[in-house]
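# A closer look at the structure
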Amino acid sequence: MRQKLTKTRHPGIFKRSDGRLVVRVRAINPRTGKESDRSKTLTRGATIAEAKRAALSMREEVLNGGNLAVKIPNLRDYSKIWASRKVARGEWTPGASTARTAGSVMVSHIWPELGDLILDQITRHDLIEWVDRQLTCKPSTISNRWGILRAIIREGCLEYDFPDPCFAVKIPSVPRKGGADMTLTPAQVRAVLQDAEKNEPDSYPVILLGFASGARRSELFAAQYESFDLSGEVGIWEIDAHVTLEGLQASTKTGHNRTAYLDPWTTEELRRISSDQRPSVFLNQLNRPTLSNHYHLERAFRRIYKRLGLGEYHGTKVFRQTYITLCNLAQIGNAHTKDQVGHSSDRMLGVYTRTPEELRKVAASKFGNVIQINDFRTERGTKRGTESKKEVSA
């Protein structure tokens with residue numbers, strides 16, 4: 001909600017609910033003959049005398065026919081400009097989850113407290129207080145909200161050339177989760193596929209395609225028969241849609257459509273599935289684009305994990321993390337992996353890359369062989385034995 005303004009006994013000077021003074025001036029511009037309004041929120045701690053001087057200065061600007069060289073908008077208005085530029089640059093797709101999340105954060109958590117402040121009047125103290133009011137949330141939630149607010153303000157800093165108030169504002173650190181338990185080994189992937197084919201036939205095509213492509217969950221749920229070319233040895237999937245709460249969207253989450261290539265075994269398996277069923281139900285529940293399919297898949301996955309004794313199930317990111325990790329272990333180049341999963345940088349691949357515990361143990365053993373620690377122990381034991389014999393003979 002917006003800050004409530006209370007009239008003071010001084011004309012044109014108001015007081016916000018957080019104690020800051022707001023000056024409003026209305027005068028007729030002699031050049032245009034039109035009324036001109038000016039509004040300014042003073043910095044925290046400003047006095048009535050300073051507010052009067054600010055009002056006088058603003059009135060003189062209007063009466064002299066001059067306008068401010070650059071009228072800097074408040075945070076609410078500028079954040080709308082910022083969002084529209086993201087869409088225009090192709091960084092956001094209207095209706096995509098990223099744009100919807102950012103819009104929700106701005107409307108619910110940024111505008112009510114900071115929306116009325118002019119960009120260059122936002123202070124570091126304002127931002128610290130804003131962060132303090134978010135501390136009831138999880139660190140990851142605070143980090144996401146702060147990232148959006150900081151991006152808006154810093155773009156404004158560059159555009160209007162004012163100091164960055166975000167400098168040295170601290171937010172709670174986000175603990176990094178270990179990801180080995182979210183990644184399956186090749187043997188575990190085979191076991192999951194075998195179990196799914198036997199016990200979860202409705203979910204089997206989804207799980208097969210997820211592990212074979214590393215696609216996002218929302219892209220899997222938007223898969224259509226017409227998007228696949230299974231005529232060759234290597235299958236081709238044109239990923240050009242995803243599902244959100246609003247339904248099927250005609251692009252990927254990032255707005256950059258891509259082509260995924262499927263290995264020969266997966267291609268043959270999908271051909272078999274398509275021959276067993278009519279093309280309109282090629283991917284079963286996937287052919288009905290809706291996020292409700294997610295809960296069906298979640299329940300199926302939990303049953304599979306329980307039957308196989310794979311421990312706790314952590315979500316459908318298992319597809320993406322497993323695919324990227326196995327590509328890394330197979331020494332497949334990052335260029336292919338990025339094109340396949342739709343990542344724009346090696347840094348994002350690093351976020352999803354994990355090494356299973358068994359392989360880390362093998363790597364530790366190999367490291368021991370490299371530095372020949374056993375030979376070192378043997379040499380040390382031989383040396384000590386020789387020294388002991390000398391002491392006895394003496």
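For every chain, the first residue of its written sequence is number 1, and the numbers climb from 1 along that sequence. Predicted model: local features are reported for residues with pLDDT of at least 70 only, side-chain atom pairs are reported and counted for 80 or more only, and whole-chain, interface and lining totals are derived from all residues. Note that the side-chain values use all heavy atoms of the structure and ignore hydrogens as well as water.

## Comments concerning the sheet that holds strand E6 (residues 235–239)
What links the strands of a sheet is backbone hydrogen bonding, and the strands pair in either a parallel or an antiparallel sense. This is how the line gets drawn: Pairing between two strands requires that DSSP report at least two bridges joining them. Elements are defined by DSSP. Helices are runs of H or I of four residues or more, strands are runs of E of two residues or more, and each kind is numbered from the N terminus.
An order of E5-E6-E9 is seen for the 3 strands of this open sheet, with the pairing classed as antiparallel. Across the chains shown, the open sheet's two edge strands, defined by having one partner strand only, are strand E5 (228–229) and strand E9 (258–262). Bridge count between E6 and E9: 5 bridges; the pairing is antiparallel. Within the sheet, the bridge partner assigned to isoleucine 239 lies in E9 and is arginine 258.

## As for the environment of cysteine 137
What counts, and what does not: Any pair of residues with heavy atoms lying within 4.5 Å of one another is described as a contacting pair.
Examined against the element boundaries, cysteine 137 turns out to sit in the loop between helix H4 (124–133) and helix H5 (139–160). Setting aside residues no more than four positions away along its own chain, cysteine 137 makes contact with Ile142 and Arg145.

## With respect to empty space enclosed by the protein
Formally: The method works on a 1 Å grid over the protein atoms by themselves. A cavity is a set of points holding a 1.4 Å probe that cannot get out, a pocket is an open set with protein on both sides within 12 Å along at least five of seven lines, and residues with an atom within 4 Å of a point line them. Grid points are joined across faces, edges and corners, and a volume is the space filled by probe spheres set on the points. Under the convention adopted here, Pro, Cys and the residues Ala, Val, Leu, Ile, Met, Phe, Trp and Tyr are nonpolar, Asp, Glu, Lys and Arg are charged, and Gly plus all remaining residues are polar.
Across all of its chains, the model carries 1 cavity of 30 Å³ or more by this definition. In this model, the largest cavity occupies a volume close to 30 Å³. Lining the largest cavity we find Glu219, Ala222, Ala223, Gln224, Ser227, Trp237, Glu238, Ile239, Asp240 and Ala241. The element contributing the most residues to the lining of the largest cavity is E6, with 3 residues. By residue class, the composition of the lining of the largest cavity is 5 nonpolar, 2 polar and 3 charged.

## Quick word on unusual backbone geometry
With a phi close to 65°, alanine 168 is a non-glycine residue in the positive phi region. Counting through the fold element by element, alanine 168 comes out in the loop between H5 and helix H6 (186–199). If you check the backbone angles, glutamine 331 has positive phi at about 60° while not being a glycine. Checked against the element boundaries, glutamine 331 lands in the loop between helix H11 (317–329) and helix H12 (334–341).

## Remarks on the packing of aromatic side chains
This is how it is decided: In summary, the pairing rule links any two rings of Phe, Tyr or Trp, Trp by its six-membered ring, whose centres are within 6.5 Å, and it sorts them by plane angle into stacked for under 30 degrees, edge-to-face for over 60 and tilted for everything else. Relative accessibility thresholds used throughout: buried, under 20% of the residue-type maximum; exposed, over 50%; partly exposed, between the two (1.4 Å probe, protein chains only). In this analysis the charged atom, NZ for Lys or CZ for Arg, is taken to sit over a ring once it is within 6 Å of the ring centre and within 35 degrees of the ring normal.
With the rule as written, the count across this model stands at 7 aromatic pairs. Taking 6.4 Å as the distance between ring centres and 35° as the angle between the ring planes, the aromatic pair formed by tryptophan 130 and tryptophan 146 counts as tilted. Of the two residues, tryptophan 130 is situated in helix H4 and tryptophan 146 in helix H5; the sequence distance between them amounts to 16 residues. A single burial state applies to tryptophan 130 and to tryptophan 146, both of which are buried. The lysine or arginine in question, arginine 24, covers the ring of phenylalanine 14, its NZ or CZ lying 5.4 Å from the ring centre.

## Here's the deal with the pairing of strand E2 (residues 13–16)
Pairing between strand E1 (residues 5–7) and E2: 3 bridges, direction antiparallel. Its bridge partner lying in E2, leucine 5 is registered against arginine 16. Adjacent in sequence and paired antiparallel, E1 and E2 are bridged by 5 residues, among which glycine 12 carries a positive phi angle near 80°.

## Side note on the environment of threonine 244
For threonine 244, the position within the fold is in strand E7 (residues 242–244). Counting along the chain gives 148 residues from threonine 244 to alanine 96, while the straight-line C-alpha distance between them is 6.9 Å.

## Some remarks on H11
Where we set the bar: To estimate the expected span of a helix, count its residues, drop one, and scale the result by 1.5 Å.
Its 13 residues give H11 an end-to-end C-alpha distance of 18 Å, which sits within 8% of 18 Å, the value for a rise of 1.5 Å per residue. Within H11, burial applies to Val318, Phe319, Arg320, Gln321, Thr322, Tyr323, Ile324, Thr325 and Cys327.

## Examining the nonpolar core
Nonpolar side chains in soluble globular proteins tend to end up buried together. Quick reminder of the rule: Buried Ala, Val, Leu, Ile, Met, Phe, Trp, Tyr and Cys residues that are joined via side-chain atoms within 4.5 Å together make up what is termed a nonpolar core.
Counting 34 residues, the largest nonpolar core has Ile207, Phe211, Trp237 and Phe301 as the members making the most contacts within it. Breaking this core down by element, the ones donating at least two residues are H6, helix H7 (204–213), E6, E9, helix H9 (264–276), helix H10 (292–308) and H11. Broken down by element, the residue count for this core peaks at 7 residues, all from H7. In this structure, phenylalanine 211 is in contact with Leu184, Val189, Val192, Leu193, Phe301, Val318, Phe319, Thr322 and Tyr323, ignoring residues within four places of it in sequence. Counting 30 residues, the second-largest nonpolar core is a separate cluster that includes Trp92, Ile148, Leu149 and Tyr160.

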